[in-house]
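Residues per chain, in single letters:
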Amino acid sequence: MWGCGARALLGVWEVRLAGFLGRRLLGSNAAAGKSIAPQCWNCGRTREAGCGDEFFCTHCRALQPPDPTRDYFSLMNCNRSFRVDVTKLQHRYQQLQRLVHPDFFSQKSQTEKYFSDKHSTLVNDAYKTLQAPLTRGLYLLKLQGIEIPEGTDYKADSQFLVEIMEINERLADAQSEAAMEEIEATVRGWL
Ligand SMILES: [Zn+2]
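Residues numbered from 1 in each chain as written. Predicted model: local features only at pLDDT ≥ 70, side-chain atom pairs only at ≥ 80, totals over all residues.

1. Some words on the overall build of the protein chain
- In terms of regular secondary structure, the protein chain is built from eight helices and zero strands.
- Secondary structure elements of the protein chain occur, N-terminal to C-terminal, as α-α-α-α-α-α-α-α.
- Per-residue burial over the protein chain gives 14% buried out of 191 residues.
- Partitioning the contacts of the protein chain with sequence separation of at least 6, the portion at a separation of at least 24 is 56%. (Helix = DSSP H or I, 4+ residues; strand = E, 2+ residues; numbered from the N terminus. Buried ≥ 20, exposed ≤ 12 C-beta atoms within 10 Å, placed from the backbone. Contact = placed C-beta atoms within 7 Å.)

What follows is the structure in structure tokens.
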């Protein structure tokens, strides 16, 4: 069902796909090796993992820097999938903004102000990206190692984007389980 444009693009990405397979293995290892407990920048003590409060030191309550290994889905407590509960996503967004918004750190140290700014930007970006099906789809592909290169000639490769847009429209039209499954299968078919 995919046009020549999409196939041509995927051909260009063959090397990237090979990289993706390698990275997926690394990725699952990294997820399994979550036990490396980070140290607090402020008090130097080891932060306890898995207590459900990942942004603050469990000892001194200082705001910690964003975790660079964390993707938007993990940050927003969503499964890494096309199917995102937008209401839940919105609640998570509001919850995170209540935790990390720079307004709450105006009386804190420069370091915490800086981190709250970073967190806040990250949370905004994650929310915006996952909220819209198109950007969510592209982000999923990016996580799988398929990235539309900067400066891609969208006129030449427009078929690919048109097909993504069509998927979006179908997603918007038919919120049924079957439609979701079809779209998920389509994206899996790319990989
Ligand atoms: Zn601390």
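Following the structure, the description resumes.
2. Things to note about the nonpolar core
- Listed in full, the 12 residues of the largest apolar core are Tyr 72, Phe 73, Leu 75, Met 76, Cys 78, Leu 96, Val 100, Val 123, Ala 126, Leu 130, Tyr 139 and Leu 140.
- Residue assignment for this core shows that the elements contributing at least two residues are α3 (72-75), α4 (86-100), α5 (110-131) and α6 (133-143).
- Once residues lying within four places of it in the same chain are set aside, the contact partners of Met 76 are Leu 89, Arg 92, Ala 126, Tyr 127 and Leu 130. (Core = buried A, V, L, I, M, F, W, Y, C linked by C-beta atoms within 7 Å.)

3. With respect to α6
- Within the sequence span of α6, burial applies to Pro 133, Arg 136, Tyr 139 and Leu 140. An end-on view of α6 places all buried positions within 125° of arc, on one side of the element.
- Downstream of α6 by a residue or two, Gly 145 has a phi angle that is positive, lying close to 90°. (Arc of directions from axis to C-beta.)

4. Some remarks on unusual backbone geometry
- Even without glycine at this site, Arg 61 takes up a positive phi of about 65°.
- By secondary structure assignment, the location of Arg 61 is in the loop between α2 (14-32) and α3.
- Of note in the backbone geometry, Asn 77 takes a positive phi value of approximately 55° without being a glycine.
- With respect to the secondary-structure elements, Asn 77 resides in the loop between α3 and α4.

5. So, the confidence of the model for the protein chain
- Averaged over every residue, the pLDDT of the protein chain is 74; the share at 70 or more is 58%.
- Per-element confidence in the protein chain is highest for α5, whose mean pLDDT is 96, and lowest for α2, whose mean pLDDT is 40.
- Below pLDDT 50 for its whole length, residues 1-34 participates in 27 contacts with residues either more than four positions away or in separate chains. (pLDDT = per-residue confidence, 0-100.)

6. Points about the environment of Arg 45
- Following the sequence through the fold, Arg 45 ends up in the loop between α2 and α3.
- Separated by 14 residues in sequence, Arg 45 and His 59 have C-alpha atoms that sit 7.5 Å apart.
- Setting aside residues no more than four positions away along its own chain, Arg 45 makes contact with Gln 39, Cys 40 and His 59.

7. A look at the packing of α4 against α5
- The N-to-C vectors of α4 and α5 enclose an angle of 170°; their axes lie 10 Å apart at closest approach. Looking at the two axes, α4 sits roughly antiparallel to α5. Facing Val 86, Leu 89, Tyr 93, Leu 96, Gln 97 and Val 100 of α4, the residues of α5 in contact are Ser 116, His 119, Ser 120, Val 123, Tyr 127, Leu 130 and Gln 131. (Axes fitted to C-alpha atoms, helices over the stretch in contact; angles between N-to-C directions. Parallel < 35°, antiparallel > 145°, perpendicular 65-115°, else oblique.)

8. Quick look at the environment of Cys 43
- Here Cys 43 lies in the loop between α2 and α3.
- Along the backbone, Cys 43 and Cys 60 are 17 residues apart, and their C-alpha atoms lie at a distance of 6.7 Å.
- If we ignore the near neighbours within four places in the chain, the residues touching Cys 43 are Cys 57, His 59 and Cys 60.

9. A word on the environment of Leu 122
- Within the fold, Leu 122 resides in helix α5.
- A residue is classified by how many C-beta atoms lie within 10 Å of it, and Leu 122, with 18 of them, is partly exposed.
- Residues Leu 122 and Pro 66, 56 residues apart in the sequence, show an inter-C-alpha distance of 8.3 Å.
- Look past the residues within four positions of Leu 122 in its chain and what remains in contact with it is Pro 66 and Leu 75.

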